[in-house]
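Now for the letters of each chain:
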Amino acid sequence: MNAIVTGKEMAQADNAAIDKLLTSETRLMELAGRQAAEIISRSLHRENGQLHDCGFLILCGKGNNGGDGFVLARHLLNKGASVDVVTLYPPDSLKDINREGLGILQAYASHSSRLRLFATLDDAMNTIEQQEYTAIIDALLGTGLNLEHEGVTLRDPVRSAIELINSRSSQNASPVIALDLPSGLDATTGYSAAPTIRADMTITMAYRKTGFFFNAGPELTGEVHTAEISIPPFLLPETCCREIDDEYASACFTLRSPSSAKHTNGKLLIIAGSLSPEASMTGAAILATRAALACGTGYVCTSLPLEAAAALHATAPAATVISRKPDALEQKIRWADAIVLGCGLGRTPADLELVRRLVTSRVFTTKKVVLDADALFALAESGIDLAQSGMQDAVLTPHNGEFSRLTGLAIPDISADPIMHARVFSRNHNVALLLKGNPTVISSPQGKVHLNTSGTEALATAGTGDILSGMIGALAAKGCSTFEAASAASWFHARAGDLAHDLSSLVTAEQVVHRIPEAISEMFSITPDTP
Ligand SMILES: NC(=O)C1=CN([C@@H]2O[C@H](COP(=O)(O)OP(=O)(O)OC[C@H]3O[C@@H](n4cnc5c(N)ncnc54)[C@H](OP(=O)(O)O)[C@@H]3O)[C@@H](O)[C@H]2O)[C@@H](O)CC1
Ligand SMILES: Nc1ncnc2c1ncn2[C@@H]1O[C@H](COP(=O)(O)OP(=O)(O)O)[C@@H](O)[C@H]1O
Ligand SMILES: [K+]
């Protein structure tokens, strides 16, 4: 799984490369600029990587991001391009490494008419207005910018430079390529400053940053390319975010062994659905049950009001049904390898009492447990501390509204930094958490975080959350921890959503269930023997 890092983790990895691998800041910067030049020439589809017919404008700030820009300028020149470089700050305000980088460029300029250096934005203005550039390169600010909140106003001269780049880009004059990240974007949170670069392409150094996935990040980065600059993954902290991929998801899916029996292929109990004279939430139980069966679970038993059993039998005949009677429930809880609790369960005092009783009983807390929907409502109402109740391997699957009710945090605060809030919740309550959204964040009590960046608005329709719970329960019953099951199930769920319909706007939960077997089986496609 690829790592996705915060600004701080990236800085730590940079330092670790220098301390532990005995490289240097200068070498890393040289690689950053050189790799960026390679990526640019590749993306322009130039033969032999040559850029003779291309012209670039590079705007450089005073930090190392500006330093990357100086190096890039040289490598673009070496590929035959013409380059205008604007240094926004006087040389004596630059760090040694950047003064050295600028010095090399100044020496270069005395030998090449294809390089023009401008000491201020004002000096460059006339030229910039008359020139058509193949691309404008933003090397103003990188991971060194930390924003307290959305919309912090940047200082000049950076602000004017960003305004100039954005106005050129809005006139469709030249595409904008951001080095490491669009200037003004906070690498960790995705907050954007006023103003922030709107990039067509971002060439990020070593690893993508968490800020690309949240808040303003997704709208501002454009197409993201990662430059390999020799900062290997073993320099990253164990707990940094990883992006779930097909390889991880398929490794979490246990195939049936030839000698297996239904009892050894995962026994799942789903406690879901409700029926009253006023309303029915039987559909939630049906969707969760069908999703669990579609994942190849050996044995699914669903507890729901027995009056609703016929509806479940009609659509999921392989599942058995039990009532909500305490004795029947306790017996099945003992039997189950994993339990899903909450989809459409209801919110009556009796439902709240059922959840309270279960999450405080040892027979339940020692199982793998998925708590969703009305179980989360009941937890929030009863104020039960899950850390105290001793859940041994549980995952909670709230969306932001449910998470807000559970934690008392305001929804905008949760969306501002979901990774941090998920991580804190998991650690404090000793449970895994799957915080739904785009992307979905999954955290473990040990501090690991997975991001599911796949999936689209195809899933933005009622019932898909019930399907996800059934899938998590299935994978957990078949052997994974709930953290692994939640991570892999969210990937397969998203894939089933992709497969459900050519037009995402027409996808229904039913269609998603139908596509689960295909989403899983494509990972295990058998290639015929060649004669
Ligand atoms: N480390 C390495 O080995 C490698 C690092 N690499 C590269 O280094 C980059 C990180 O470099 P960095 O840490 O020097 O920070 P960077 O983002 O360039 O500049 C920060 C500047 O922001 C400014 N600023 C702050 N607030 C502001 C405001 N409100 N309005 C306006 N300005 C404001 C602040 O100004 P000051 O407060 O000093 O006046 C400071 O000068 C990283 O993204 C990657 O590209 C690669 O080469 C690979 C190797
Ligand atoms: N725009 C979107 N892009 C990707 N995934 C989405 C999007 N909207 C919703 N989802 C996913 O769909 C599911 C919806 O779950 P939930 O809100 O609990 O639905 P319900 O309660 O109706 O079953 C979650 O897994 C969520 O991550
Ligand atoms: K930048």
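Quick caveat, the model's predicted, so the values are computed rather than measured.

Q: Would you take a moment to explain the site of ligand 1 for this structure?
A: The immediate surroundings of ligand 1 are formed by 26 residues, with Gly-63, Asn-64, Asn-65, Gly-142 and Gly-144 found nearest. Residue assignment for the shell around ligand 1 shows that the elements contributing at least two residues are α2 (25-43) and α3 (64-78). A per-class count over the shell around ligand 1 returns 11 nonpolar, nine polar and six charged.

Q: Can you walk me through the site of ligand 2 in this structure?
A: Taken together, 17 residues are adjacent to ligand 2, and Lys-436, Asn-438, Leu-459, Ala-460 and Gly-465 come closest. The element contributing the most residues to the shell around ligand 2 is helix α19 (residues 464-477), with four residues. Here the residues of the shell around ligand 2 sort into five nonpolar, nine polar and three charged.

Q: Looking at this structure, I do not really get the pairing of strand β15 (residues 368-371). What am I missing?
A: Moving residue by residue along a regular strand, the side chains alternate between the two faces of the sheet. Here β15 shows a buried face lined by Lys-368 and Val-370 and a second buried face lined by Val-369 and Leu-371. Inspection of the sheet shows strand β14 (residues 338-341) paired to β15 by four bridges, in the parallel sense. Residue pairing across strands places Ile-339 opposite Val-369, the latter belonging to β15. Bridge count for β15 against strand β16 (residues 393-396) is four bridges, and the pairing is parallel. Pairing of Val-370 across the sheet is with Val-395, part of β16.

Q: Sorry, what's going on with the domain arrangement of the protein here?
A: The figure often quoted for interface size is the accessible area lost as the parts come together. Structurally, the protein comprises domain 1 (2-241) and domain 2 (246-255 + 262-496). Each of domain 1 and domain 2 was reduced to a C-alpha centroid, and the two centroids are 44 Å apart. Listed per partner, the contact involves eight residues of domain 1 and 10 residues of domain 2. Among the residues making up the side of domain 1 that touches domain 2, the classes are represented as four nonpolar, four polar and no charged.

Q: How should I be thinking about the sheet that holds strand β6 (residues 176-179) in this particular structure?
A: Taken in spatial order, the seven strands of this open sheet run β4-β3-β2-β5-β6-β7-β9, and their pairing is parallel. Every interior strand has two partners, whereas the edge strands, β4 (115-118) and β9 (223-227), have only one. Averaged over all adjacent pairs, the angle separating strand axes in this sheet is 20 degrees, with direction ignored. Relative to β4, strand β3 (residues 82-87) runs parallel, the two being bridged by four bridges. Residue pairing across strands places Asp-84 opposite Arg-116, the latter belonging to β4. Contacts between helix α6 (residues 158-170) and the sheet are confined to β2 (55-60), β5 (135-139) and β6, with β5 contributing the most and set at about 155 degrees to the helix.

Q: What's the story with the nonpolar core in this structure? I'm lost.
A: Side chains that are nonpolar tend, in soluble globular proteins, to be buried together. Counting 174 residues, the largest nonpolar core has Ile-58, Ala-288, Val-395, Met-471 and Leu-475 as the members making the most contacts within it. Per-element tally for this core: the top contributor is helix α20 (residues 482-500), with 10 residues. Built from parts of two domains, this core gets at least three residues from each of domain 1 (2-241) and domain 2 (246-255 + 262-496). Residues in contact with Ala-288, not counting those within four places in the same chain, are Ile-270, Ala-272, Val-340, Cys-343, Asp-466, Ile-467, Ser-469 and Gly-470.

Q: Please clarify how the pairing of strand β18 (residues 440-443) should be interpreted in this entry.
A: In β18, alternate side chains face the same way, and those of Thr-440 and Ile-442 on one face and Val-441 and Ser-443 on the other are all buried. Of the pairings in the sheet, the one linking strand β17 (residues 432-435) to β18 comprises three bridges and is antiparallel in character. Across the sheet, Leu-433 pairs through a bridge with Ser-443, a residue of β18. The pairing of β18 with strand β19 (residues 449-452) spans four bridges and is antiparallel. By the bridge assignment, Ser-443 is partnered in β19 with Val-449. In this antiparallel pair of consecutive strands, β18 and β19, the connection spans five residues, and Gly-447 shows a positive phi of 100 degrees.

Quick notes on the rules
- Residues numbered from 1 in each chain as written.
- Chains lettered and ligands numbered in written order.
- Predicted model: local features only at pLDDT ≥ 70, side-chain atom pairs only at ≥ 80, totals over all residues.
- Near = placed C-beta within 6 Å.
- Helix = DSSP H or I, 4+ residues; strand = E, 2+ residues; numbered from the N terminus.
- Nonpolar A, V, L, I, M, F, W, Y, C, P; charged D, E, K, R; others polar.
- Buried ≥ 20, exposed ≤ 12 C-beta atoms within 10 Å, placed from the backbone.
- Pairing = 2+ DSSP bridges.
- Domains from an automatic or database assignment.
- Contact = placed C-beta atoms within 7 Å.
- Axes fitted to C-alpha atoms, helices over the stretch in contact; angles between N-to-C directions.
- Core = buried A, V, L, I, M, F, W, Y, C linked by C-beta atoms within 7 Å.

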